[in-house]
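# Results of the structural survey
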Amino acid sequence: MSTSFSKNIHIPLDASIHLELKKIADALKLPLTTLAHMAIQYWIKAKKRYQVQKELAAYVSKHAGSELDMDTSLEKEALKELQKIFEEQQ
């Protein structure tokens, strides 16, 4: 059986930030705490995505031109396919 625990935190907000959150929460018909929770979850996911992008960029930069780099024939074929897609959208 899995038990989840909730933790509460107190976050002092400037009045202007509180007012903006309240306006959005009211427009979405959500409790302010729910909106704040959603915003924090979104920020955490965005932070994780950014970290992965940074690590990927470092890996790509480190291995560019090496045997770990993309196969040149595969790269050429991929560019041809992208060009076809681009031309079809025009």
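Residues numbered from 1 in each chain as written. Predicted model: local features only at pLDDT ≥ 70, side-chain atom pairs only at ≥ 80, totals over all residues. Heavy atoms only, no water.

## Describing the pattern of salt bridges
All chains considered together, the criterion is met by four salt bridges. Linking lysine 23 and glutamate 20 is a salt bridge whose minimum nitrogen-to-oxygen distance equals 3.7 Å. On the criterion of helical spacing, the pair formed by lysine 23 and glutamate 20 is a turn pair, its members being three residues apart in helix α1 (residues 15–28). With a relative accessible area of 48%, lysine 23 lands in the partly exposed category. In this structure, glutamate 77 engages lysine 80 in a salt bridge whose closest nitrogen and oxygen atoms are separated by 3.2 Å. Residue glutamate 77 and its partner lysine 80 are both found in helix α3 (residues 72–89); the two are separated by three residues, about one turn of the helix. (Salt bridge = Lys/Arg side-chain N within 4 Å of Asp/Glu carboxyl O. Helix = DSSP H or I, 4+ residues; strand = E, 2+ residues; numbered from the N terminus. Buried < 20%, exposed > 50% of the residue type's maximum accessible area, 1.4 Å probe, protein only.)

## So, α1
An α-helix turns once per 3.6 residues; consequently, residues spaced three or four apart project the same way. Taking 1.5 Å of rise per residue, 14 residues should cover 20 Å, and α1 covers 20 Å from first to last C-alpha, within 8% of that figure. Within two residues after α1, lysine 29 carries a phi angle of roughly 55 degrees, on the positive side. (Expected span 1.5 Å × (residues − 1).)

## A look at unusual backbone geometry
Backbone geometry at lysine 29 places phi at a positive 55 degrees, although glycine is not the residue there. In this fold, lysine 29 is placed in the loop between α1 and α2 (32–63). Judged by its relative accessible area of 75%, lysine 29 is exposed.

## Observations concerning the side chain of histidine 63
Looking at the element boundaries, histidine 63 is found in helix α2. What histidine 63 contacts, discounting residues up to four positions off in sequence, is Leu68 and Asp69. (Contact = heavy atoms within 4.5 Å.)

## Overview of the confidence of the model for the protein
Scored by pLDDT, the protein has a mean of 91; 97% of the residues are at 70 or more. Averaged pLDDT values over the elements of the protein bottom out at 90 in α3 and peak at 97 in α1. (pLDDT = per-residue confidence, 0-100.)

## A word on the environment of glutamine 90
Within the element layout of this structure, glutamine 90 appears in the segment after α3. Along the chain, glutamine 90 and leucine 19 lie 71 residues apart, while their C-alpha atoms are 45 Å from each other.

## Some remarks on α2
The first and last C-alpha atoms of α2 sit 47 Å apart over 32 residues, in line with the 46 Å expected at 1.5 Å per residue. With its phi angle positive at about 85 degrees, glycine 65 sits one or two positions after the end of α2.

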